[in-house]
Structure formats: structure tokens, C-alpha cells
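Structure assessment
Listed here are the chains, written in short residue letters.
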Amino acid sequence: HRFQERGVGVDLGVDSDEEIEVSESDDDDADLFGDDEDGRPIDAETLKQRREERKKARAEKREKARQKKTEKRKARLRRAFEPVQLVENFCTDRDDEIRMKDAPERFFDWTTPFHGAASVEGEEDDHIGDEEEEEAMWIMGRIPDIASEYFSPPPPQPHDGQDQHIKSDEDIAAEMEKTQRGVLNSIIHALRFMHKDKLEPEFIRRYRADVVTSPAVRKNINEIMDEDTEWDNMCKTRNKVESLMGGIQAAAAGEQAKGAEEERISKLTEDLRVAQEKLDESLKEEETIKGELDGLGSSGNGADKDDDDDELFGNDDDDDDEAKQTKKKLKSSLESRLKTVQELQEARAETVAQLATSLRVAEAANANSLLTQSTVIATSKKICQSKLLNVSDYRQYLSSLTDVRHVSDVSRYLNLIREGNEAVRSKNALAGGGSKEEKSKKRSRRFDRDYYRTCVSEGLRSICYQFTVSPFRAGIMLEDNLTLAGGFSYDRILPGEEDLEGGFDPKKWAAPVVDGADPTTFASDLVGSGELVLLSSTQGSETDPNHPELKDPLRGCRYVAAMELAYEPRIRRHLRSIYRANAVMTTKPTSRGYDNIDAFHEYFGLHLIRNKPIKEHFPMDEKESEQRKLGLSFEERRELDEEVKQREKDSCLQFLNILKAEATGDVASYIHLPLLEQIDTDEDPWFKHGEERFKSRDNQDLSALTEELERVYLPPDGDTDEWNEERRKVLRLALTTFLLPQFEAEARRDLREASIKIGIKAAAESLYGMAMEGPYRPSHLLGENRFLVPTGDLPIVGVCCATDSKDATYLAGVTERGELKDHLAIPGGTRIDGNKMKEKVITFLMQSRPAAVVVGTGGGVQSRLMAPKLGDIVT
């Protein structure tokens, strides 16, 4: 501080720490003499407390000054430097947080929680919980290399003459079980190392092979870290689905409770009638007992008078003492019984009064809620809960899912149902207008579902399921047809349907058949009764007012049925698989690409891809893999896996180049199902067709999807052509409007993610190879160091220039192996950049496609003149 200006801190505006300390020293002057303001002495406890308070105040003052100083310093830096310069040259808040956290920087943004049991201090950490076991099995099934090691049988023992030992089935099973246990334990311990010990994946791969014993697990340690995040996402999504399902179920139960007032009033009325009858019986019994007591009382009074006369004249006429005693006992008994009856009467009267009060209150409430009860009945009819959801069945289905996307499908379906149900309740004012929070959330709803909510609120859902099968039953039938050998059985009973009165009706699995009416008559009758409301349009897709779709009264019903069918999770899951197996990718050059792409362009070959299956970009399907591996040996299986893996890698790298070409505007790519019409002639080549030909769903072959849907959506016993056509319209609307656009977007996103993942690996391998490759080395030096690798061989074209103008100049195409592939002679005295010779050179280079063109220096000045001319031709 020798050259620091007085009164000014290091930040040019904030008091220095020295000044803060000096100002703080004045606060202790009052404690020097131990007196308060009035001069009275202060006890030690109070003095200590005051000092603690001042100390705390000073600490707060320092902290505020430090924060103020830091903020001003940051403001000066922001004024003086660009944000990029600040990040590159100065420590940011994020850097400080990373420094304070005792973990590698890789784990700073990795917030995935640990799903294993918490370790207890003093106990061995060898116990494996059920959740860890479940996650390890899930990760194993998601990574092909680990799954291959897990399910592969042990390799056969090599032959060693007479000591060859043939393993029994029990030995093979035990060895395979030991291998599988080792794979799962390796996954579990790898996750523990990353979560608890914060060890880097590369560190685990290199130095913890003693615990992570599986080679496939160590090789794919980074993929395990990624899949752990996916597992956490799936668990969170599953919990959200459970809460959403519980909310739908609770809302339905609440509506049933609102509609139970009439039943309660009937029960109260019956209870009041029974209580009143018992009270009347008590009153009659009381009157009877009082009459008997009155009779005994009059006879008893005459006997007492005779006794008084006998006492007056000294003569006793009452000789029947036993009769007198009997009357006294009877009277006492009647009085006791009368008392009991009166107490019972009071209790029954109180019960009658309570029931009467409850009945009056219930009747008053019922009189006020008659509208609510009628609304509940109408709402339940419009919601059609039994047609959309079986809670127990969906809970079982949810517990069997192992893919985040399939769990998300269940969530989307339940959200769609909830939106429709809320639209019905809002339309019927069942929620009393809704709270402020519910009204504020209306703006955040998806606008593309407005027409769906309108149709459901008008009661079209209950109408559409009068001639179509419920979506969740259609999903179950489709799943059984595709996964079970015997297909779907109409005797299947869902959870909760075992105790139905009269047994389960198999007709619930079939689409209802409307008897005696065609669709036009059916719709006209509903319009006349007021049940079916004619809506203006379907999302505004038909702009022509004379379009026949606008005149169809059942178009809204088909829209609701198609949307709910398209969002059903089982339908989406299996149709997605069929789509992936049949979809293809096509690329064609744009108008800019026609001008730019030639035989030497980097995008040459990427601009004319036609109908390439997209399944080549992903791992092989399990069923297809099992079929192709059936009957193959261990070595043949491994070769097949390597072949499929190489094909997947090449396809993904090709797609990355396609993305690059799309970004530059030279190539356009399309993902679609096979086209119905394949037009390709010399006058009209396929790559000159407009993009609408590849994007239009009307030109795509949907038979692979529609055939499976029609098996479950059309009545098995048949129906009229008119009604079956209505159902086919529902299926086509579900495919073209809802499913295919989403499947195409998902496929493109998955292609991008898979290609990026493989591209990163390929780039890392290429960078490693480039870093380890030095200049040219003779083959005899390769054994000197294990890190030396041969220089890569490339196809080249060598140019040998003649020193004499009369001799010819030769271009020689050499393969990677150094073999002469082709050659071209340029006669002496001929210019290489002449029109005819230039075309021959270009044709020769296009056929050879060399990685480099090398001009020999033996020609002297001719070689130096030849090089720029060839450069102009190539570029």
C-alpha cells in the first residue's frame, strides 16, 4: 500500500480493508471502561454479549463490502472485455464452483442420482440391492457388446491330445452363470466408482480391472455412464405416469361421489321410516303399561280403604294377604318396565330427530345439486372412461417397459385423455368454472389439439365408439398378433373384469356393429336427436367450402377416434417398429447442387442415394439377429456381428456427410416409406422430381401398417362396406395425420444422434491414428517400437514428364498396393490444357479417383509448368 492513494481502495471506488478495520476500532471504545451511557457499571455477561453482537455486525459488514467490491470489479470487467474474452482469460463463477466441488470437472454437470443403496459406515459394501441389479440388467440389454458377452456360450476348449476334457452341460451352465454374474457385477461396481468415488471412466477402464472384470464393460464404460442417465430419466417418467394415472382415476371417483346424493337420500328415508316405526311401538307399549298401572291403582285404593275401616273398628276383613302381595309385586314390575320403555322411547325419539334433520339437510343439498347430478351423468357419458383406460392393465404394461420412449408414449396418451376429460368438464361446468390457476394454464395448452378438445366436449367421443373398437383394446390385440405365436385370443380377460355380473363378454374385443342403419342414416338420426353436433372444419385443412369432407357429419367422430388410436402406447410402439423396418432414405441434389456437385466434389455420391433402408443405420433387430445366427458357429456369429457393426458405422458416417451437405444447401434428404409409383426414365429421371413426390403420404405404400391395423380394427364377423369404409378412414387419418409425421421426425432425430455418437468415435480413432503416424518408415523399422505403424497406402496418379519435346508424357494410376491400374499417354508437343486432351485427362482422373496427383521432378522445367496446369484441371 506504499503508493496507494489515501482513502481509495484497490478497486478505485471501494473503501479498502484497512479503512474498514480502522472504523471498526472505534466501536470498542465504549467497552474500555465497562460503563454504559449513564455511567453505571456493566456486568461481564452483558459485556460479552455486546462484543459478540459487534463482532457479528463487523463480519456482516466485511461480507457486504466484499460482495460490493466483487460486483464492481465484475462490472468493470464486463465493460472492458467481451464475454468470450472473460471466459477464456478470467475465472468465472462456474470455474469457482468447479474448484470448490471435490470432483472431476466431468462430474460437475452430471447430476444423475445414484440408484443403489446408501453405504453404511463400518459395513462392507458388497451387498447388491434389487434396484442396482435391475439397472445393471437394463444397461446390459441396451449395449450390444455387453449383451453379446452376457449371452455368448463359453468358447470351446482347444485340443491338447489325450488330456482333452469334454465339459458336461452342468459345467457349461455353471461357467456361463459365472460369466453373467461377472458382467452384472462389473456394471454395478463401475457405477459405484463413478457415483461414490467420483472416478473417471477412463481411470476405471485402465486401473480398476481387478473389480470391473468384464472386458466388454471396460470397453463401453462411457456408454454405461450415458445409459445410467437414461435409466434415471425412465424412472422419473414412470413416476410421472403413475401420478397422472392416479389423478385420472381420482377424478373419476370424485364424479361418482358427486352423483351419489340420491342413493344417500333413499337410505336416510328408509332409516327414518324404520326408526319412526320403532318409536311408535314404544309409545303404544307405554300406553299399555300405563293402563295396566291405572287398573292396579284403583283396586289397590279400595283395599287400603277397607284396611282403614278395620283399624277404626278394630276388625280386620282382609284375609287374603297373598293376593295383596302379588298385586304389589305386579305393580312394581310394571313401574320398572314403564321406566325402561320411557328411556328407550327417549333414545328412539332422539334418533328420529337426528335422521329427520339429516334428511332435510340432504334434501336441501340435493335440491341445489340436481343440476350437478345431471351434469355428472352427462359428463360420464361423454368421457367414456371404460373405452379408453384400464388402470390395472396399464400399470402392468408400464412395469414391463424398458425403453424411455415407450414410457413416454404412455404419458402422452394419458395427457391426451386428461385434456379431453377436462374439456368435457369445462363444457358442462362441472368444475364450477375452475380456479384461477386452471384458467391461467389454458394458455399453455397445445393449440393443435383445439379441434380435438372441441369434438370431445361436444360428446363425439361417445358416438365414435359406437362403431369403432376402443383404442387400448386395439393396442392389446395388435401386440398379441405381432408377439404371440398363436395370435390374439378373444377369451382374454383384463384385470378387474373377472367379477363382472354375467361373466365377461368377448364381443368387447370387436368393433360394434350398427344394425339397420348406414352411416348417413345413423348420423342423421343423431343430428335430429341433438346428440351429434355439426362442427365447422377439421383444423382448417379443407379450404374448399364444397369439399365433401365438410358435408360429412361423422368427420369429427373419426378425428377423435383417429387421434386417440394414434396416441395409444401399444399402437405407437409396434407401428414404429414396422415403420423402422420398411422406411427408406432418398437424397437428391438441390438447384445449387446441380451446379456445384461434379465427380471431384466432396458430396459426389451422396446426392443420388435412392431408397436406402434406414435400419442399416441402427443395430440389427433381435428377431432378425436370432434368425441370421441360427445354426452358426461361435466364429461365424462373431464375424456376422463385426459385419453388421461395420455396416452400421459406414451408414452413420455417410449420414453425417449428408447432414453436412444439407447444411450447405447442396443436397436434400427425405425419409419415407417405399413409393407406390417408381417413375424413372431418361426423359424424366427420378432425381428431378419435386420434393412433394417424396413428402406426400398419398404416394407412400402404407400397406405394411394398414394390414396389421385392419386385422384388429375391422369386425371379425364382417360388416357392411359403408361402415368398414368409415373405419378405414379412421385408420388412414391416424396414419397420415398423426403417426407418420411423428415417426419421420423421430427417425431423423435418431439417425442424427446415432450418427453423431459413431462419428465422435470414428473421429477419435482417426485422430489417434494421425497422432501415432510419423513420416515414411521402412518396414524393417516397424519392430523397433510397438507404437510405430505402417504409413497408410493411398491410390495416386503419378505424372512422368518427358525432357524432350518429342517424347510423350505419361499419367499412371497406381492402386493402394502399388499396382498399375491404368495409364494415359500425352503425345509430345500436345498441350495438356487443350480442349480434347483436357477432356481425356479429366475422364482418366474420374475413372482413377486418386487421393493425390504427384508430378515427378525428373522433367525439370516441364514438371514445374505441368503442376499448375494439372491443378487448374483438378479444381
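First things first, this report covers the structure right here in the doc. Keep in mind that this is a model prediction, so the values were computed, not measured. (Residues numbered from 1 in each chain as written. Predicted model: local features only at pLDDT ≥ 70, side-chain atom pairs only at ≥ 80, totals over all residues. Heavy atoms only, no water.)

The next point concerns the overall build of the protein chain. Helix and strand counts for the protein chain come out as 31 helices and seven strands. Counting the 875 residues in the protein chain, one finds 35% classified as buried. Taking as baseline every contact in the protein chain between residues at least 6 positions apart, the subset at least 24 positions apart corresponds to 73%. For the protein chain, the exposed area adds up to about 53,500 Å²; of that, 51% sits on carbon and sulfur atoms. (Helix = DSSP H or I, 4+ residues; strand = E, 2+ residues; numbered from the N terminus. Buried < 20%, exposed > 50% of the residue type's maximum accessible area, 1.4 Å probe, protein only. Contact = heavy atoms within 4.5 Å. Areas by Shrake-Rupley, 256 points an atom, 1.4 Å probe, with all protein chains shown as cover.)

What follows is about the nonpolar core. Proteins that are soluble and globular tend to have nonpolar side chains buried together. Core analysis: the largest hydrophobic core is formed by 123 residues, its most contacted members being Ile 146, Ile 187, Ile 224 and Leu 575. If one sorts the elements of this core by residue count, helix α29 (residues 721-772) sits on top with 13 residues. Grouped together as the second largest cluster of nonpolar side chains are 14 residues, Leu 824, Ile 826, Val 841 and Leu 845 included. (Core = buried A, V, L, I, M, F, W, Y, C linked by side-chain atoms within 4.5 Å.)

Taken together, the side chains of Asp 518, Asp 721, Glu 722 and Glu 725 define an acidic patch exposed on the protein surface. Examined against the element boundaries, Glu 722 turns out to sit in helix α29. Note on Glu 722: relative accessible area 44%, which makes it partly exposed. (Patch = residues over 30% accessible without salt bridge, like charges linked within 9 Å, V, L, I, M, F, W, Y side chains within 5 Å. Salt bridge = Lys/Arg side-chain N within 4 Å of Asp/Glu carboxyl O. Lys, Arg positive; Asp, Glu negative; His and termini not counted. Charge placed at Lys NZ, Arg CZ, Asp CG, Glu CD.)

Considering all chains together, one arrives at 45 salt bridges under this definition. In this structure, Asp 409 engages Arg 572 in a salt bridge whose closest nitrogen and oxygen atoms are separated by 3.4 Å. Of this pair, Asp 409 sits in helix α16 (residues 404-427) while Arg 572 sits in helix α23 (residues 569-582); the two residues are 163 residues apart in sequence, bridging distant segments of the chain. Exposure class is identical for Asp 409 and Arg 572. Each is buried. Via salt bridges that share partners, Asp 409, Arg 412, Arg 572, Arg 576 and Glu 746 belong to a single interconnected network.

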